[in-house]
Amino acid sequence: MVRSLRRNRWAWLGSGLLAGMVLGSLWPSIPLHGDTTDRSENIIMATGFVDEGIEAIFFLDSLTGLLRAAVPSLQRMQDYQAMWEANPGADMMNAIQIINAAAAKATGGKGAAPRPAIQPPQSPRFVMVTGWMDVRQGSSRMKPSRCLVHVAEANTGIVMSYLLPWSPQMHASNQPLRMPMQLWAAQQFSTAVIRAPE
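Read on for an overview of the structure. The structure displayed is predicted, hence computed values, not measured ones. (Residues numbered from 1 in each chain as written. Predicted model: local features only at pLDDT ≥ 70, side-chain atom pairs only at ≥ 80, totals over all residues. Heavy atoms only, no water.)

### Focus: the overall build of the protein
Right, so step 1: The helix and strand tally for the protein stands at three helices and 10 strands.
Right, so step 2: Ordered by position from N to C terminus, the α and β elements of the protein give α-β-β-β-β-β-α-β-β-β-α-β-β.
Right, so step 3: Per-residue burial over the protein gives 33% buried out of 198 residues.
Right, so step 4: Expressed as a percentage of contacts within the protein between residues at least 6 apart in sequence, the contacts between residues at least 24 apart total 50%.
Right, so step 5: Of the roughly 12,800 Å² of accessible surface on the protein, 61% is carried by carbon and sulfur atoms. (Helix = DSSP H or I, 4+ residues; strand = E, 2+ residues; numbered from the N terminus. Buried < 20%, exposed > 50% of the residue type's maximum accessible area, 1.4 Å probe, protein only. Contact = heavy atoms within 4.5 Å. Areas by Shrake-Rupley, 256 points an atom, 1.4 Å probe, with all protein chains shown as cover.)

Put into structure tokens, the structure is as follows:
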């Protein structure tokens, strides 16, 4: 009986492995893409795919509020073929003005207690992650990248999302690309406003 059970175990194991291999070969293969983010005291770095197999690095300077991105050259070592820049610090200030004006307009004349205005932070605290969004619109030469970079400011709760203008043809021919990032969206996600001490 024990001998028969052992033989059946091996038969069941072999059948299970064979069935797994058959099902695995029929299952569609989906490539995995990993993005990374890391930070030190004053800088935040992240990576994200701008196109299939082409990764950009993102560098956010927390002191100046400047965000830069770059894609290495395919043909020349020690060179970046594409570079972009944005200013989340200035974009955050514009978003604060727009949000405060909309809040004042929404509560004006209705007798409702006004929401406290968002105060610009003395020392912005940024966090950054990358994501994927297939917008693929635009001219045949210049299209949005597949990567979005999201920058949030912790004191105000404002999140800004940026797209990179991308040209696969320019990258393949190693033509330099220097452009500003496009602010796709800016919105306050956290309503807990940290007020400056008076």
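### A look at the side chain of threonine 130
Right, so step 1: Residue placement: threonine 130 occurs in strand 6 (residues 126-132).
Right, so step 2: Residue class for threonine 130 comes out buried when judged on its relative accessible area of 14%.
Right, so step 3: A polar contact is formed between the side chain of threonine 130 and the backbone oxygen of threonine 47, at a distance of 2.8 Å. (Polar contact = N/O pair within 3.5 Å; in protein donor to acceptor, adjacent residues only side chain to side chain.)

### A word on the nonpolar core
Right, so step 1: Of all hydrophobic cores here, the largest spans 31 residues; its most connected members are Phe58, Leu67, Trp84, Met128 and Met181.
Right, so step 2: For this core, the element with the most residues is strand 8 (residues 158-166), which contributes five residues. (Core = buried A, V, L, I, M, F, W, Y, C linked by side-chain atoms within 4.5 Å.)

### Digging into the environment of threonine 156
Right, so step 1: Within the secondary structure, threonine 156 sits in the loop between strand 7 (143-153) and strand 8.
Right, so step 2: The class of threonine 156 is buried, set by a relative accessible area of 1%.
Right, so step 3: For the pair threonine 156 and phenylalanine 189, spaced 33 residues apart in sequence, the C-alpha separation works out to 8.7 Å.
Right, so step 4: Each residue touching threonine 156, except ones within four places of it in the same chain, is listed here: Met92, Ile96, Ile118, Gln119, Pro121, Gln188 and Ser190.

### Structural notes on the packing of aromatic side chains
Right, so step 1: All told, the structure shown has one aromatic pair when counted by the stated rule.
Right, so step 2: An angle of 45° between the planes, with centres 6.3 Å apart, marks the rings of tryptophan 84 and tryptophan 166 as tilted. Residue tryptophan 84 is found in strand 5 (residues 80-86), and its partner tryptophan 166 is found in strand 8; the two are separated by 82 residues along the sequence.
Right, so step 3: Using a relative accessible area of 3% as the deciding quantity, one classes tryptophan 84 as buried.
Right, so step 4: Given the relative accessible area of 0%, tryptophan 166 is considered buried. (Phe/Tyr/Trp six-rings, centres within 6.5 Å; stacked < 30°, edge-to-face > 60°.)

### Considering the pattern of salt bridges
Right, so step 1: All told, the structure shown has two salt bridges when counted by the stated rule.
Right, so step 2: Here glutamate 52 ties to arginine 146 by a salt bridge, and the two come within 3.3 Å at their closest N and O atoms. Of this pair, glutamate 52 sits in the loop between strand 2 (43-51) and strand 3 (54-61) while arginine 146 sits in strand 7, placing them 94 residues apart in sequence.
Right, so step 3: Note that glutamate 85 and arginine 68 form a salt bridge whose closest N and O atoms lie 3.0 Å from each other. (Salt bridge = Lys/Arg side-chain N within 4 Å of Asp/Glu carboxyl O.)

### Some remarks on helix 2 (residues 88-107)
Right, so step 1: Here helix 2 spans 28 Å end to end across 20 residues, near enough to the 28 Å set by a 1.5 Å rise per residue.
Right, so step 2: Listing the buried residues of helix 2 in full gives Pro88, Gly89, Asp91, Met92, Ala95, Ile96, Ile99, Asn100 and Ala103. Looking straight down helix 2, one finds its buried side chains confined to an arc of 170°; they lie on one side. Those residues of helix 2 that are exposed and angled more than 90 degrees off the buried face are Gln97, Ile98 and Lys105.
Right, so step 3: N-cap assignment for helix 2: the residue whose side-chain oxygen lies 3.1 Å from the backbone N of glycine 89 is asparagine 87. (Expected span 1.5 Å × (residues − 1). Arc of directions from axis to C-beta.)

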